[in-house]
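The primary structure of each chain is shown beneath.
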Amino acid sequence: MSSSPLKQMMLHPFPKEADGIPSPKQFTYPFCYTPHPLCKIAAKEVIEHCYNTPEMRPTEGKMFGVLVVEYEGSRYYLRAFSGIYNGSYHHEGFVPPVYDLQNGYFKEEEKSIVELTEKIKQSDDEEEKVTLKAIRKEKSNALLMWTFRQFRMLNANKETKDLIEIFENVKSPFSEEEYIEYKTGRTPDKPKANIGIPPGGTGECCAPKLLQYAYLHNLKPLSMAEFWVGPSKQNDMRVEGNFYPSCQHKCFPLLTYMMQGLDVEENPLFARVREKLKQVRFIYEDDDLIVVYKPSGLLSVPNRDLKEQSLSAYLLTINPEYRLVHRLDMDTSGLLLVAKNAAVCRDLQMQFYKHEIKKKYIAILEPSDPSQANAKPESGDISLPLSRNPFDSPRQVVNYQYGKPSLTHYILKGDNRVELYPETGRTHQLRIHCAHPDGLGRPIKGDILYGTPSDRLYLHAESIGFRHPTTGEWMSFTEEEI
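The text that follows walks through the structure, step by step, so that each part is easy to find.

### A short note on the overall build of the protein chain
- A tally of regular secondary structure across the protein chain gives 12 helices and 21 strands.
- The C-alpha atoms of the protein chain give 25 Å as radius of gyration, which agrees with the globular expectation for 482 residues (23 Å, within 12%).
- For the C-alpha atoms alone, the extent of the protein chain along its principal axes is close to 75 × 70 × 50 Å.
- Accessible surface, the protein chain: about 23900 Å² in total, of which carbon and sulfur atoms supply 49%.
- Across the protein chain, the 60 positively charged side chains and the 65 negatively charged ones have centroids separated by 1 Å.

This is the structure in structure tokens:
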């Protein structure tokens, strides 16, 4: 193969087992995908390389990525890691950063900002502190904007834009520093989203690094996947070797731009949801309400990508007055209440608010680890403070400093089956209560966020009991599935 030494170092050949595997017809939709077999082979080799190479051996968990490319009629793969790994932006055989922040102007300015922080800590003069903080904020903002301008991103149409141009009309979340300052009470104002300012770290994830390198060296992207290597970060519940979608807040606007000119597959959720809508059925109906069954894989309410393909949108096509009283996660199946008018909706929502409605969920857990020393009691309560992760939606985290309380009663039924009775209704509460070490320590089978993928998430809202808003009669419904 005729190529530069740099290309020879970054292009990794596939083993013989990949010879009979056809290339994908379209490029990966990176925000919801099943990894292509070629990506699985490449990821396996990357993980083995990390554990067999001293400077790559995981000391922390990190997201890695592979990009299958075509060059001069042959297939290879590129490999990358997000941000800094083991103290460096550069490791042999991994694509370089889009822009190296470890040298030059950035490091000098960063050093001066650190020095200002030290002066603020050491000063006893409040007026001087206010002045120094204002100077530090101005320098930090200027450095951030300068950094965004250095990331000159390409797309498949050979166009170039910097991050400021790409995020010109994009609503981005507040910074992690602003979030911590608000949560710790150092500032009374809740941080607000920014328009036109990229989140910190944008362009440093492995997916944009891979595409940037491919475009710079005239490599044809075929398929891409991202996966976790090393231990899970505290309360993050990542599983080594599992594949994950690209992040929403940094990578969705950026990759949407960078994939322009590629033949990208349709979001797999579109076809999946169309099929799931056919499985919706009414368990009970009267003049006031409906008890409806929602299959796993169907949104309760619309999101950004699926504005019209949700249970709520489907119900509105039947009658514009119908309203979902509560929700289930997209991947959770089970029973939901639908109000046929506003008065019934208010009554049922008040029952939820007063914890009068009784719900039972069934979950199938991943097999227990025989080496696990601390077996959980057959029944008990799980109480964990939960918080959304504003920097990695839709994931939630256990946060003992800022999280909101959540409570679930559980009863183990055999080796892997558990009944769950939530007393609160936090996002992903049951999934985290099962997966987290301070909960059951066993993810629900098929949990793509906190465990290991399967054919579905094995969590089912099996029964619901409530007082009928009009008759006052206590009603209870059960729909067994898993």
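### Points about the side chain of E109
- By the secondary structure assignment, E109 is in helix α3 (residues 105-122).
- Among all residues touching E109, those that are not within four sequence positions of it are K139 and L143.

### Section: unusual backbone geometry
- For N86, which is not glycine, the phi torsion reads 50° and is therefore positive.
- Backbone geometry places K158, a non-glycine residue, at a positive phi of 65°.
- Position of K158 relative to the elements: it lies in the loop between β4 (152-154) and β5 (160-162).

### Observations regarding the sheet that holds strand β8 (residues 220-229)
- Overall, antiparallel pairing links the five strands, which are arranged β1-β3-β2-β8-β9 in an open sheet. The open sheet is flanked by β1 (12-13) and β9 (243-244), the only strands paired with a single partner.
- One ladder, built from nine bridges, connects strand β2 (residues 62-71) with β8; its direction is antiparallel. If you follow V68 over to β8, its bridge partner there is S223.
- Sheet strands touched by helix α2 (residues 37-52): β1, β2, β3 (74-81), β8 and β9. Its angle to β8, the strand with the most contacts, is close to 45°.
- Relative to the sheet, helix α7 (residues 206-216) contacts β2, β3 and β8, its axis offset from that of β2 by approximately 25°.

### Considering the nonpolar core
- Of all hydrophobic cores here, the largest spans 43 residues; its most connected members are L67, L78 and L211.
- For this core, the element with the most residues is α7, which contributes seven residues.
- Sequence-distant contacts of L78, that is, excluding residues within four places in its chain, are made with M10, L11, G65, V66, L67, V69, V95, L210, Y213, A214 and L219.
- If you look at the next biggest cluster of nonpolar residues, it comprises 38 residues, including Y322, V338, C434 and L449.

### Remarks on the packing of aromatic side chains
- As enumerated under the stated definition, the model contains 15 aromatic pairs in all.
- Between F81 and Y85, the ring centres sit 5.7 Å apart and the planes meet at 40°, which makes this aromatic pair tilted. Here F81 and Y85 have matching classes, each one buried.
- When the ring of F81 is compared with that of F94, the centres are 5.7 Å apart and the planes differ by 55°; the resulting orientation is tilted. Separated by 13 residues along the polypeptide, F81 in strand β3 and F94 in the loop between β3 and α3 bring together distant segments of the chain. Accessibility classification places F81 together with F94 in one group, the buried group.
- Following the ring pairs from residue to residue traces out a cluster consisting of F64, F81, Y85, F94, F227 and F243.
- Over the aromatic face of F81 sits the side chain of K209, whose NZ or CZ is 4.4 Å from the ring centroid.

Here is what the cut-offs are and how they apply
Residues numbered from 1 in each chain as written. Predicted model: local features only at pLDDT ≥ 70, side-chain atom pairs only at ≥ 80, totals over all residues. Heavy atoms only, no water. Helix = DSSP H or I, 4+ residues; strand = E, 2+ residues; numbered from the N terminus. Rg over C-alpha atoms; globule rule 2.2 N^0.38 Å. Areas by Shrake-Rupley, 256 points an atom, 1.4 Å probe, with all protein chains shown as cover. Lys, Arg positive; Asp, Glu negative; His and termini not counted. Charge placed at Lys NZ, Arg CZ, Asp CG, Glu CD. Contact = heavy atoms within 4.5 Å. Pairing = 2+ DSSP bridges. Axes fitted to C-alpha atoms, helices over the stretch in contact; angles between N-to-C directions. Core = buried A, V, L, I, M, F, W, Y, C linked by side-chain atoms within 4.5 Å. Buried < 20%, exposed > 50% of the residue type's maximum accessible area, 1.4 Å probe, protein only. Phe/Tyr/Trp six-rings, centres within 6.5 Å; stacked < 30°, edge-to-face > 60°. Lys NZ or Arg CZ within 6 Å of the ring centre and 35° of its normal.

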